Amino acid sequence: GPAALGFLDAPFAPLYVLIAFMLHPALGGMTVIGGVILVTLAVLNERSTRAKSQAAITATGSAYAAQEAAAQNAEIVKALGMRGALRERQLSDRRKGLGLAGQAQFTGGRYSALTKFTRLFLQSAALGLGAYLAVNREISAGAIIAASILMSRALQPVEQVVGSWGTVIQARG
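Residues numbered from 1 in each chain as written. Predicted model: local features only at pLDDT ≥ 70, side-chain atom pairs only at ≥ 80, totals over all residues. Heavy atoms only, no water.

Chemist: How should the nonpolar core be read in this particular structure?
Modeler: Nonpolar side chains tend to gather and get buried jointly when the protein is soluble and globular. One finds Leu38, Leu41, Ala42, Tyr111, Leu122, Ala126, Met151, Leu155, Val158 and Val162 forming the largest nonpolar core, which totals ten residues. Counting residues per element, the ones that place at least two in this core are helix H3 (25–72), helix H5 (83–135) and helix H6 (142–163). Broken down by element, this core gets its largest block of residues, four residues, from H6. Grouped together as the second largest cluster of nonpolar side chains are eight residues, Leu129, Leu133, Ile144 and Ala147 included. (Core = buried A, V, L, I, M, F, W, Y, C linked by side-chain atoms within 4.5 Å. Buried < 20%, exposed > 50% of the residue type's maximum accessible area, 1.4 Å probe, protein only. Helix = DSSP H or I, 4+ residues; strand = E, 2+ residues; numbered from the N terminus.)

Dropping the structure here:
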C-alpha cells in the first residue's frame with residue numbers, strides 16, 4: 001500500500017534534498033524546513049492516534065473473545081434463555097470498538113489532510129521562491145520547475161506514510 005511505498009521512497013529523499021541545495025541554498029533550506037514540518041506533523045499524528053487506536057483494538061478483541069465464549073456455550077445460553085441479552089451485549093461491545101476506531105481514523109484523517117495541504121503549499125512556495133530567484137538571475141528558468149519537483153519528491157514519502165498511518169498502526173497492532 002501507500003505506506004510501504006512511502007517507506008521505500010524515503011531513502012531517496014536525502015538525494016532530492018542534496019540536489020535542491022545544489023540548485024540554490026534557499027531551495028534546499030526550504031525543502032529541509034518543509035521536511036521538518038511534515039515529520040513534526042507525523043509525530044503529532046502518532047501521539048494523538050496511538051491511544052485511540054490501541055483502545056479500539058482492545059475493545060474489538062474483547063468483543064470477539066466474548067462472542068467466541070458465548071458460541072462455545074451455545075447450548076447453555078439457549079437453555080437459560082440468554083440469547084437476546086448476549087446478542088445485545090455483543091452489539092454494544094462491537095459498537096464501542098467501531099466508535100473508538102472511527103475516532104482514531106478521524107483524528108488521523110485530519111492530520112493526513114493537514115499534511116497534504118502543507119506539502120502542496122510548500123510545493124507552491126518552492127515555485128514562488130524559484131521564480132523570485134530566477135527574476136534575480138540566481139537560478140535559471142528551468143530550475144523553477146526542478147525546484148518544485150524536487151521538493152515534491154523529497155516530501156512525498158512523509159505524506160504517504162502519514163496518509164496511511166492507520167494502516168501502519170493496525171499492522172503494528
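Chemist: Looking at this model, I keep getting lost on the pattern of salt bridges. Mind explaining?
Modeler: Pairing of side chains with opposite charge becomes possible as their charged atoms draw close. Per the counting criterion, the structure on display carries two salt bridges. The salt bridge partner of Asp9 is Arg153, with a shortest N-O separation of 3.8 Å. Of the two residues, Asp9 is situated in helix H1 (residues 2–9) and Arg153 in helix H6; the sequence distance between them amounts to 144 residues. On the basis of relative accessibility, which here comes to 29%, the residue Arg153 falls in the partly exposed class. For Arg50, the salt bridge goes to Glu46, with nearest N and O atoms at 2.7 Å. In this pair, Arg50 and Glu46 both sit in helix H3, four residues apart, roughly one turn of the helix. (Salt bridge = Lys/Arg side-chain N within 4 Å of Asp/Glu carboxyl O.)

Chemist: Please explain the packing of helix H2 (residues 13–23) against H6 as it appears in this structure.
Modeler: Angle between the axes and distance between the axes: these two values describe a pair of packed helices. Running from N to C, H2 and H6 cross one another at 155°; their axes reach a closest spacing of 8 Å. The pairing of H2 with H6 is recorded here as roughly antiparallel in orientation. In this structure, the crossing between H2 and H6 has a hand that is left-handed. Residues Ala13, Tyr16, Val17, Ile19, Ala20 and Leu23 of H2 lie in contact with H6, whose contacting residues are Ala143, Ala146, Ala147, Leu150, Arg153 and Ala154. Residue classes in the contact of H2 with H6 are distributed as eleven nonpolar, no polar and one charged. (Axes fitted to C-alpha atoms, helices over the stretch in contact; angles between N-to-C directions. Parallel < 35°, antiparallel > 145°, perpendicular 65-115°, else oblique. Left-handed = near helix turned anticlockwise from the far one by under 90°. Contact = heavy atoms within 4.5 Å. Nonpolar A, V, L, I, M, F, W, Y, C, P; charged D, E, K, R; others polar.)

Chemist: Explanation requested: the packing of H3 against H6 in the structure shown.
Modeler: Between H3 and H6, whose axes approach to 10 Å, the crossing angle comes to 10°. Comparing the axis directions of H3 and H6 gives the class roughly parallel. Here Leu27, Met30, Thr31, Gly34, Gly35, Leu38, Val39, Ala42 and Asn45 of H3 come into contact with H6, specifically with Ala147, Met151, Ala154, Leu155, Val158 and Val162. Its residues assigned to classes, the contact of H3 with H6 comprises eleven nonpolar, four polar and no charged.

Chemist: Would you mind showing me how to read the confidence of the model for the chain here?
Modeler: Detailed reading of the predicted coordinates is not advisable wherever pLDDT is low. With 97% of its residues at a pLDDT of at least 70, the chain reaches an overall mean of 85. Element-level pLDDT for the chain is lowest in helix H7 (residues 165–172), with a mean of 70, against a maximum mean of 91 in H2. (pLDDT = per-residue confidence, 0-100.)

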